[in-house]
Amino acid sequence: MAGIDIRALLKSIAEYKASDLHLVSRSEPQIRIDGKLTPLDLPKLNGQVIESMCYSLITDKQKKELEENKELDFAIELPNIGRFRANYYYTMNGEVAAAFRTVPLDVPSIDELRLPQIFKDIVKKEKGLILVTGPTGSGKSTTLAAMLNEINLTEEKHIITIEDPVEFIHQNKKSLFSHRNVGVDTYSFANGLKFSLREDPDIILVGEMRDRETISTAITAAETGHLVFATLHTNSAVQTVNRIVDSFEGGEQIQVRNMLSTSLTAIISQSLLPKLGGGRVAILEILLTNSAISNLIRENKIHQIYSQMQLNQMKSGMRTQTQSMVEAIRNNLIDKNTALRFSTQPQELANLIGISYQ
């Protein structure tokens, strides 16, 4: 067991086209392929072996941070192996465990990801707030990378990214990138975002809007002439607007709704579903702010936004998750039961595809 080489293990997951590697005591190393965990044909690990493997990749400073905070987030690029986002954590009995996620070295394009044309239109905006949301592992970082890549290919912009940790590293083409790691290059998302406004940015990427201060500063930046990209762990456009508003106290919510009604440009909520024949397919819900939706946000009628999205909006590029799922079913990309399992509106979907829902 002592002979397991962490670098060889990380290199092997590329051969399996896996997205993640998990090292947890009392289990074999496991990898995630097309969303499903699969154990490798290797001995079960113990905490001591995992600690030795994991510590070989980090500095003494990072070891100290892990031992003090019980968590460590970082990104690492290994020559001839690849780039990974890693999280070290402790499990029962003080044993180290780890999760590694592969990050492609080549930044994908909108066309390579087969994203709708509306994505190329969205990134041409001069200002506003663009949110990409979804659960962990739904491809938010990849979608954002493709959108920033489109700008990099077509616009002369200064793009500041504030991430924990930095994932995709963009090479300067037409645009200039300043990548910043939270905890290394800046103390927090809120801090990095606040000071980024003094660094002459055209575009700011906030890896995650985790707290009220970060949300408030991101909205203000979008209001004051910047294009701001950010992520949230929400499953739909309506849930995203509610999450932002609910982050503030009662008296502040009116002001936040007013600011959001003018600054919000788009919400892209995505999930990755098992694809027929193997692989996964992205299902997208796209909200594009118009005067009707802005009024609903301002007037605290957020629950009515979904109805607006349903009203023949496909021509504009707007779509609900249900509309995307129905289209994917018709194109034989996903099956009906899978769609129903992942749906945020299962009753509506069941009615449209003609199956019962209990």
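It should be noted that the structure appears before, not after, this text.
Note on numbering: residues in each chain are counted from 1, in written sequence order. Given that this is a predicted model, residues contribute local features only at a pLDDT of at least 70 and side-chain atom pairs are listed and counted only at 80 or more, while totals for whole chains, interfaces and linings are drawn from all residues. Hydrogens and water molecules were not included; the side-chain quantities draw on all heavy atoms of the structure.

Focus on the overall build of the chain
Logical step 1: In terms of helices and strands, the chain carries 14 helices and 13 strands.
Logical step 2: Each radius of gyration reported is based on C-alpha atoms, and the globular scaling rule is 2.2 Å times the count of residues to the power 0.38. Against the compact-globule benchmark of 21 Å for 358 residues, the chain has a radius of gyration of 21 Å, which places it among compact chains.
Logical step 3: In terms of principal-axis extent, the alpha carbons of the chain reach across some 65 × 55 × 40 Å.
Logical step 4: The buried share of the chain, taken over its 358 residues, is 49%.
Logical step 5: Throughout, a residue-residue contact means that at least one pair of heavy atoms, one from each residue, lies within 4.5 Å. When contacts within the chain are restricted to residue pairs at least 6 apart in sequence, those whose partners lie at least 24 apart make up 55%.
Logical step 6: Element-wise, carbon and sulfur atoms account for 46% of the exposed surface of the chain, whose accessible area totals about 17,300 Å².
Logical step 7: Mean positive and mean negative side-chain charge positions of the chain (39 and 42 charges, respectively) differ by 4 Å. Labels follow the DSSP assignment, with helices taken as runs of H or I lasting at least four residues and strands as runs of E lasting at least two, numbered in each case from the N terminus. Exposure categories follow from relative accessible area, calculated using a 1.4 Å probe and restricted to protein chains: below 20% of the type maximum is buried, above 50% is exposed, and the middle band is partly exposed. We get accessible surface area from the Shrake-Rupley algorithm with a probe of 1.4 Å; when it comes to residues, only the shown protein chains can shield them. By the counting rule applied here, Lys and Arg register as positive and Asp and Glu as negative, while His and the ends of each chain are not counted. By convention, the charge on Lys lies at NZ, on Arg at CZ, on Asp at CG and on Glu at CD.

What to know about the layout of surface pockets
Logical step 1: A volume near 450 Å³ is recorded for the second largest pocket.
Logical step 2: As for the second largest pocket, its lining consists of 19 residues, of which Glu65, Leu72, Asp73, Val182 and Val184 are closest to the centre.
Logical step 3: At the level of elements, helix H3 (60–69), strand E4 (71–78) and strand E5 (82–91) are the ones that each hand at least two residues to the lining of the second largest pocket.
Logical step 4: Of the residues belonging to the lining of the second largest pocket, the class tally is seven nonpolar, six polar and six charged. Put simply, the grid is 1 Å and covers the protein atoms alone, a cavity is a trapped set of points that fit a 1.4 Å probe, a pocket is an open set with protein on both sides within 12 Å along at least five of seven lines, and lining residues have an atom within 4 Å of a point. Grid points are joined across faces, edges and corners, and a volume is the space filled by probe spheres set on the points. Residue polarity follows a fixed list, in which Ala, Val, Leu, Ile, Met, Phe, Trp, Tyr, Cys and Pro are nonpolar, Asp, Glu, Lys and Arg are charged, and the others, Gly among them, are polar.

Thoughts on the packing of aromatic side chains
Logical step 1: Here the aromatic set is Phe, Tyr and Trp, taking the six-membered ring for Trp, and pairing holds for ring centres within 6.5 Å; pairs whose planes are under 30 degrees apart are stacked, those over 60 apart are edge-to-face, and all others are tilted. Tallied over the entire structure, the rule returns two aromatic pairs.
Logical step 2: Seen from their ring centres, Phe74 and Tyr88 are 5.1 Å apart, and the 85° between their planes marks the pair as edge-to-face. A residue pair is termed long-range when its members are at least 10 positions apart, and Phe74 in strand E4 and Tyr88 in strand E5 qualify at 14 residues. For the pair Phe74 and Tyr88, one class covers both residues: buried.
Logical step 3: A relative accessible area of 0% places Tyr88 in the buried class.
Logical step 4: Among the aromatic residues, those joined into a cluster by ring pairs are Phe74, Tyr88 and Phe100.
Logical step 5: Two thresholds decide whether a charge sits over a ring: the Lys NZ or Arg CZ must be within 6 Å of the ring centre and within 35 degrees of the ring normal. A cation sits over an aromatic face here: Lys70 above Tyr90, 4.8 Å from the ring centre.

Some details on the pairing of E4
It is a general feature of regular strands that their side chains alternate between the two faces of the sheet.
Logical step 1: Side-chain alternation along E4 places Leu72, Phe74, Ile76 and Leu78 on a buried face and Glu71, Asp73, Ala75 and Glu77 on a face that remains uncovered.
Logical step 2: In short, DSSP must find at least two bridges between two strands for them to pair. Direction of pairing for E4 relative to E5: antiparallel, over a ladder of eight bridges. Of the residues in E5, the one forming a bridge with Leu72 is Tyr88.
Logical step 3: Counting the residues between successive antiparallel strands, the hairpin from E4 to E5 contains three residues, one of them, Asn80, with a positive phi of roughly 65°.

Side note on unusual backbone geometry
Negative phi is the rule for most residues except glycine; trans is the rule for most peptide bonds.
Logical step 1: Going from Asp164 to Pro165, the amide bond is cis rather than trans, its omega being -5°.
Logical step 2: Note that Pro165 resides in the loop between strand E8 (158–163) and strand E9 (176–181).
Logical step 3: In this structure, Arg114 is a non-glycine residue whose phi angle is positive, near 60°.
Logical step 4: Phi at Asn300 is positive, roughly 60°, even though this residue is not glycine.
Logical step 5: Among the secondary structure elements, Asn300 is positioned in the loop between helix H10 (291–298) and helix H11 (305–310).

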